[in-house]
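Architecture and fold: a report
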Amino acid sequence: MSGFNWEGALAELKRRREMSRELGGKRRIDRQHEQGRLTIRERIEHAATEFYEVGEYTAFEEHSATGEVVGKIPSSYVCGLAQFGGRTVSLGGEDFTVRAGAPQTYLDRMKGGMGGFVEDLAHELRIPLVLFMEGIGGDIAAQADKGHSYLVSSLSWRRSFELLAEVPVMTMVSGTSAGGTAGRTVLSHFSVMTRDSAMFAGGPPLVKRALGKDLSKSELGGSAVHTGISGGIDNLAEDEADAIAQMQKFLSYMPQNVWELPPRGDRSDPVTRRADELLTIIPENRRRPYKAQKMIEAIVDRESFFEVGGGWGKGIVTGYARMDGTPVGIISSNPMHLGGALDAAAAEKQIRFVDICSTFHLPVIYFVDVPGFMVGPDAERGSVVRWGMRAIQSLVEAEVPVVTIQVRKAYGMAVSATAQTDGLCLRLAWPSAEWGDLPVEGGVEAAYSREIAAAENPEEYRRIVEDKMYALSDPWATVEAFGVENMIDPRETREIVCAFVEASRGLLESKRGPQRRQWTIRP
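For the structure given in this document, a descriptive report is provided here.

Rules and cut-offs
- Starting afresh in each chain, residues are numbered from 1 along the sequence in its written order.
- Per-residue local features of the predicted model are confined to residues with pLDDT of at least 70, and side-chain atom pairs are confined, for both listing and counting, to 80 or more; whole-chain, interface and lining totals are unaffected and use all residues.
- Only hydrogens and water are set aside; all other atoms, that is, all heavy atoms of the structure, feed into the side-chain values.
- Only runs of H or I of at least four residues qualify as helices and only runs of E of at least two qualify as strands under DSSP, and these elements are numbered from the N terminus.
- Working definition: with a 1.4 Å probe on protein chains only, accessible area under 20% of the residue-type maximum means buried, over 50% means exposed, and in between means partly exposed.
- Should any heavy atoms of two residues lie within 4.5 Å, those residues are considered in contact.
- Areas reported as accessible are Shrake-Rupley estimates using a 1.4 Å probe. Residue values count occlusion only from the protein chains shown.
- Residue types Ala, Val, Leu, Ile, Met, Phe, Trp, Tyr and Cys, when buried and joined through side-chain atoms within 4.5 Å, form a set referred to as a nonpolar core.
- Only when DSSP finds a minimum of two bridges between them are two strands counted as paired.
- Centre distance within 6.5 Å is the pairing criterion for rings of Phe, Tyr and Trp, where only the six-membered ring of Trp is used; planes under 30 degrees apart are then read as stacked, over 60 as edge-to-face, and the remainder as tilted.
- As a rule, the C-alpha atoms of each element are fitted with a line to give its axis, helices using only the stretch in contact, and angles between N-to-C directions run from 0 to 180 degrees.
- Note on terminology: angles under 35 degrees are roughly parallel, angles over 145 are roughly antiparallel, angles of 65 to 115 are roughly perpendicular, and the others are oblique.
- Note: crossing handedness is left-handed where the near helix turns anticlockwise from the far helix by less than a right angle, and right-handed where it turns clockwise.
- Note on patches: the residues involved have over 30% relative accessible area and no salt bridge, like charges join within 9 Å, and the nonpolar side chains Val, Leu, Ile, Met, Phe, Trp and Tyr join within 5 Å.
- Whenever Lys or Arg places a side-chain nitrogen within 4 Å of a carboxyl oxygen from Asp or Glu, that contact is recorded as a salt bridge.
- We define a polar contact as two N or O atoms separated by no more than 3.5 Å, with the added condition that, inside protein, one atom must be a possible hydrogen donor and the other a possible acceptor, whereas residues neighbouring each other in sequence contribute only through side-chain atom pairs.

In this section: the overall build of the protein. Along the protein, the regular secondary structure elements total 21 helices and 18 strands. A buried classification covers 51% of the 523 residues belonging to the protein. Considering only contacts within the protein whose residues lie at least 6 apart along the sequence, 72% involve residues at least 24 apart. Of the roughly 23,900 Å² of accessible surface on the protein, 54% is carried by carbon and sulfur atoms.

Glancing now at the nonpolar core. Inside soluble globular proteins, nonpolar side chains tend to come together where they are buried. F84, F132, M247, Y320 and L342 are the most contacted members of the largest nonpolar core, which totals 70 residues. Sorting elements by how many residues they give to this core places helix α14 (residues 344–359) first, with seven residues. Residues contacting F84, with those up to four places away along its chain left out, are A47, V89, L91, V130, I244, M247, Q248 and L251. Core analysis: the second largest hydrophobic core is formed by 29 residues, I282, M295, A321 and W430 among them.

Below, the discussion takes up the pairing of strand β5 (residues 87–94). Across the eight residues that make up β5, a large majority, seven, are buried. Bridge count between strand β4 (residues 77–84) and β5: eight bridges; the pairing is antiparallel. What sits directly across from C79, in β5, is G92. Counting the residues that bridge the hairpin from β4 to β5 gives two residues, and of these G85 lies at a positive phi of roughly 60°. Examined bridge by bridge, β5 and strand β6 (residues 129–135) share four bridges and lie parallel to one another. Bridging from a neighbouring strand, S90 pairs with L129 of β6.

This part takes up the packing of aromatic side chains. In this structure the tally under the stated criterion is seven aromatic pairs. With a centroid separation of 5.6 Å and an interplanar angle of 75°, the aromatic rings of F250 and Y320 are classed as edge-to-face. Here Y320 lies in strand β12 (residues 316–323) and F250 lies in helix α11 (residues 240–252), a separation of 70 residues in the sequence. Aromatic side chains Y320 and F353 sit 5.1 Å apart centroid to centroid with 40° between the ring planes, which places their arrangement in the tilted category. Residue Y320 is found in strand β12, and its partner F353 is found in helix α14; the two are separated by 33 residues along the sequence.

Another aspect to go through is unusual backbone geometry. Here the phi dihedral of E303 falls at roughly 60°; this positive angle occurs in a residue that is not glycine. In this fold, E303 is placed in the loop between α13 (292–299) and β11 (306–308). The phi angle at H361 is positive, at roughly 65°, despite the residue not being glycine.

Along any regular strand the residues' side chains alternate between the sheet's two faces. Bridge count between strand β15 (residues 402–411) and strand β16 (residues 426–429): four bridges; the pairing is parallel. Paired with V403 across the bridge in β16 is L426. Strand direction decides the pairing type here: β16 and strand β18 (residues 486–487), joined by two bridges, are parallel. Each residue of the ladder has a partner; that of A429, found in β18, is M487.

Glancing now at the packing of helix α3 (residues 40–47) against α11. Axis separation between α3 and α11 bottoms out at 10 Å; the angle between their running directions is 50°. The pairing of α3 with α11 is recorded here as oblique in orientation. In the packing of α3 onto α11, the handedness of the crossing is right-handed. Residues R43, H46 and A47 of α3 form the contact with α11, whose own contacting residues are E240, I244 and Q248.

Let us look at a nonpolar patch on the surface. On the surface, F4, W6, L10, L13 and Y57 cluster together to form a nonpolar patch covering roughly 520 Å² of accessible area. Along the chain, Y57 turns up in the loop between β1 (48–54) and β2 (59–63).

A separate point is the environment of R17. In this structure, R17 sits in helix α1 (residues 6–21). The spatial distance from the C-alpha of R17 to the C-alpha of Y57 is 6.7 Å, given a sequence separation of 40 residues. What R17 contacts, discounting residues up to four positions off in sequence, is E56 and Y57. Of note is the side chain of R17, whose polar atom sits 3.2 Å from the side chain of Y57.

Here we come to the pattern of salt bridges. Per the stated rule, a full pass over the model turns up 32 salt bridges. When the shortest N-O distance is used, the salt bridge between R15 and E12 registers 2.8 Å. Of the two residues, R15 and E12 are both situated in helix α1; the distance of three residues between them amounts to about one turn of the helix. Between R274 and D489 there is a salt bridge; the shortest N-O distance is 3.8 Å. On the criterion of sequence distance, the pair formed by R274 in the loop between α11 and α12 (278–281) and D489 in the loop between β18 and α20 (493–503) is long-range, its members being 215 residues apart. Look at D489 and you get partly exposed, because its relative accessible area is 21%.

Okay, structure coming up:
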């Protein structure tokens, strides 16, 4: 190498490193800060205790609209190996100050965004993937870089889908996630977005041109839309620090990959602790609702319950917790919403959640208080039966133990979506439980409407028939016939479930590795 000297070489290295830190320039960085958001390098600094960057010196020539070269700026993507929440992960993200985080079609190899080095790193090393999403997903200016337009189907999504069956994938939206960036966001096991962020397939300008509707980013795809209506994003965060903390919390329940078991946590909460508060949490009046979260928190390890997807699919509550330190998935009917009926949104939420638990070897604990599938014209138009049957399929195909707790109501076909009917099928009932083909009130009306109408005193006749049916639906008769595995004191639930979870560790060990059925994304 003619004229080489260390002083000059290291000076050039320093110059290029400083240029990479400038990202899109001071003006754009200042604008990012004014909007309350960090640059990608600042996000990584806040999130990772260690970071070993790959592709630090990638850059490209920036052109004006008429094609003149106006300068050289760093790549829009930053990625590398990181320590995140005490775990080794592959981490990357777009920077909005560089061409609004557009894909790196100007590079010989993608660093990340949709596939690329950051995803290959997670795949090859079998480590979790953490992605910070803030980009427009597509960029017409890329045509000027390449000298021609390109067909989007040339970009492969295969690695992104493969990773769903291999390692935990977490995504965070802060700012705008559009087009391909939005698509990559939902290809994850846990997603979170800050309150002031937005995500959409196409932004307001495209919507206005295509549909003539003038909508703000928030109206089109704000956090309220995706964490409260569409379910496209799991959780809402107040700010970026909260979002990062939630991703780290999620990761604490997950293994590094499907070839390992989740790490066991603190075991200081006694297995034998009796949850006496359950007797006040569950009302004696069967018509009164209660907060499922309080019931769950009384049974699982203290302060271990982390709810996921609380803003949508509200017919069920889902989240992660620990039982004697072992990570588990929690599902519960939610009597505070539609009386706990399972509608299409709740069924869809359950399907995705069970898939995640099965993929990463987390036993499922299901608390049941379901009056049946949601009924009515809106439910039928939402295809409640199709989604409900898929919810049943999710547990039939689950490759992890499922323990079902019959809390109160268990009526109709929806009950099949609460237990693993093949294999061990452990169902524990509390004395407050009731079950049958239909709730007594509605069932009597459906079966005996003519007799009731013809009676001299219809209301009195209805009461007599209902009393008879209540007597026949005594849960103890089912217990005596071994139609349910056991009746237990609710206060003993923690100890019994912990024992079964502990006994299942050998089974879970044998299940390490990818599922027989490939994991599929259901945003």
